[in-house]
Amino acid sequence: MRILITGAGGMLGIDVRRAVEAAGHEAIALSRAQLDIRDARAVAEAFAGAAPDAVVNCAAWTDVDGAEEQPDEALAVNGNGAGNLAAAAAASGAWTVHVSSDYVFDGSASRPYVESDPVGPLGAYARSKLAGELAVSREAADHATIVRTAWLFGVGGRCFPKTILRLAAERDHLDVVCDQVGCPTFTGHLARALVDLAAERIPGTLHVAGSGSCSWFDFARAIVERAGLECDVRRIPSERYPTPARRPAYSVLGTERDAPRLPEWTGGLSEFMEQLAPGVTP
Ligand SMILES: NC(=O)c1ccc[n+]([C@@H]2O[C@H](COP(=O)([O-])OP(=O)(O)OC[C@H]3O[C@@H](n4cnc5c(N)ncnc54)[C@H](OP(=O)(O)O)[C@@H]3O)[C@@H](O)[C@H]2O)c1
């Protein structure tokens, strides 16, 4: 298969490219500089030129707090841009695998969210991701898999474990919020599942995230322990770490469909730590 990857310079995009090549497929990996998904004409030309069998859309505005001040810019990428891709893919007979987010939910649940649960985005980023889901469904309904995932971490980008490793090496204690619970997901694991889905062509929405769940506090403590750092990780409530965008308190993803199951997030963390080059400051 020929698989087009958008946002190929991002954290997930880097691992998707690796996974495509490891699976023996041909990767056409385009960074933002090579293809801006807001440009419908450029997107159509990319499909005409590359003639891919599938596209995995890793391109997104991912600055959750920044989206509160620039909601139109976030929407242009995450909503309209996703629609441009799905339309061009459907017109050329290619399958779309689009990446969405647990943040489409409002976090008021007390059991894992499944695909048919009502959405309720809390902020501008979340609304833009929901707009992307709707645009992909509208443009490529029976020719797209929309994958909601969560709390991504990987060696190719800025992520929570890298931040914690850096801060824990500098400080004797860290205060981390304990009342937001989700599913940390290693991009190496997710990328393999996305490539499989490009071939399996399952229509509709699927939840695909690391198995198990934890709070940011639990996640930080596990990171510090794995690294053997002498840093006291302390629990704080979200109100002591105010951010411009509201985040769901509980965004654990379950599935009611035949979605791929990823390994436990703790296993993902082990692989992440192994992949970080020794001596490299995160
Ligand atoms: N990170 C998470 O915790 C998380 C959780 C759930 C879902 N997701 C979703 O997972 C996907 C991948 O996220 P990620 O963590 O890999 O983010 P990332 O590292 O920020 O990668 C996103 C990539 O998209 C590129 N991009 C931005 N605007 C673009 C445009 N107009 N056209 C083409 N490319 C553009 C960015 O390029 P520049 O760097 O040059 O701007 C970047 O390389 C996104 O759909 C995100 O919403 C992420």
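In this text the structure is predicted, and so the values were computed from the model without any measurement.

Calculation notes
- Residues numbered from 1 in each chain as written.
- Predicted model: local features only at pLDDT ≥ 70, side-chain atom pairs only at ≥ 80, totals over all residues.
- Heavy atoms only, no water.
- Near = heavy atom within 4 Å.
- Polar contact = N/O pair within 3.5 Å; in protein donor to acceptor, adjacent residues only side chain to side chain.
- Areas by Shrake-Rupley, 256 points an atom, 1.4 Å probe, with all protein chains shown as cover.
- Helix = DSSP H or I, 4+ residues; strand = E, 2+ residues; numbered from the N terminus.
- Nonpolar A, V, L, I, M, F, W, Y, C, P; charged D, E, K, R; others polar.
- Buried < 20%, exposed > 50% of the residue type's maximum accessible area, 1.4 Å probe, protein only.
- Contact = heavy atoms within 4.5 Å.
- Pairing = 2+ DSSP bridges.
- Axes fitted to C-alpha atoms, helices over the stretch in contact; angles between N-to-C directions.
- Disulfide = S-S within 2.5 Å.
- Phe/Tyr/Trp six-rings, centres within 6.5 Å; stacked < 30°, edge-to-face > 60°.

### Some words on the site of the ligand
Part 1: If you check the shell around the ligand, you find 24 residues, and the closest are Leu12, Asp36, Thr62, Tyr125 and Lys129.
Part 2: A distance of 3.0 Å is found between a nitrogen atom of the ligand and a backbone nitrogen or oxygen belonging to Ile37.
Part 3: Tyr125 places a side-chain nitrogen or oxygen 2.7 Å from an oxygen atom of the ligand.
Part 4: When the ligand sits alone it has 890 Å² of accessible area, and the protein chains cover 79% of it.
Part 5: Breaking the shell around the ligand down by element, the ones donating at least two residues are α1 (11-22), β4 (95-101) and α5 (124-140).
Part 6: Sorting elements by how many residues they give to the shell around the ligand places β4 first, with three residues.
Part 7: Along the lines of polarity and charge, the residues of the shell around the ligand split into 13 nonpolar, seven polar and four charged.

### Quick notes on the environment of Val99
Part 1: Tracing the chain through its elements places Val99 in strand β4.
Part 2: Val99 gets classed as buried once you look at its relative accessible area, which sits at 8%.
Part 3: The sequence separation of Val99 and Ala109 amounts to 10 residues, and the corresponding C-alpha distance is 22 Å.
Part 4: Each residue touching Val99, except ones within four places of it in the same chain, is listed here: Leu12, Asn57, Lys129, Val147, Thr149 and Leu194.

### Observations regarding the side chain of Ser128
Part 1: Mapped onto the fold, Ser128 is located in helix α5.
Part 2: The residues touching Ser128, leaving out its near neighbours within four places in the chain, are Ala74, Leu75, Asn78 and Gly79.

### Structural notes on the sheet that holds strand β5 (residues 144-149)
Part 1: A sheet is described by the order of its strands in space; here six strands give the open sequence β2-β1-β3-β4-β5-β10, paired in parallel fashion. Each edge of the open sheet carries a strand with a single partner, namely β2 (26-30) and β10 (204-207). Each adjacent strand pair in this sheet contributes to an overall mean axis angle of 20°, direction not counted.
Part 2: Bridge analysis of β4 against β5 gives six bridges, and the strand direction is parallel. Bridging across to β5, Val97 finds its partner in Thr145.

### Thoughts on the state of the cysteines
Part 1: The full count for this structure, using the stated rule, is zero disulfides.
Part 2: The thiol of Cys178 is not disulfide-bonded; the next cysteine sulfur, from Cys214, is found 12 Å away.
Part 3: Judged by its relative accessible area of 29%, Cys178 falls in the partly exposed class.
Part 4: Between Cys231, a free cysteine, and Cys178, which holds the nearest cysteine sulfur, the sulfur-to-sulfur gap is 16 Å.

### A word on the packing of aromatic side chains
Remark: the centre distance and the inter-plane angle together describe each pair of aromatic rings, the angle taken between the planes.
Part 1: Counted by the stated rule, this structure contains 11 aromatic pairs.
Part 2: Plain terms: the ring middles of Phe160 and Phe219 are 5.2 Å apart, the flat faces sit at 25° to each other, and that makes the pair stacked. Within this pair, whereas Phe160 is found in helix α6 (residues 160-170), its partner Phe219 is found in helix α8 (residues 216-227), the two being separated by 59 residues in sequence.
Part 3: You can call Phe219 buried: its relative accessible area is 1%.
Part 4: What links up through ring pairs into an aromatic cluster is the set Trp151, Phe153, Phe160, Phe186, Trp216, Phe219, Trp265 and Phe272.

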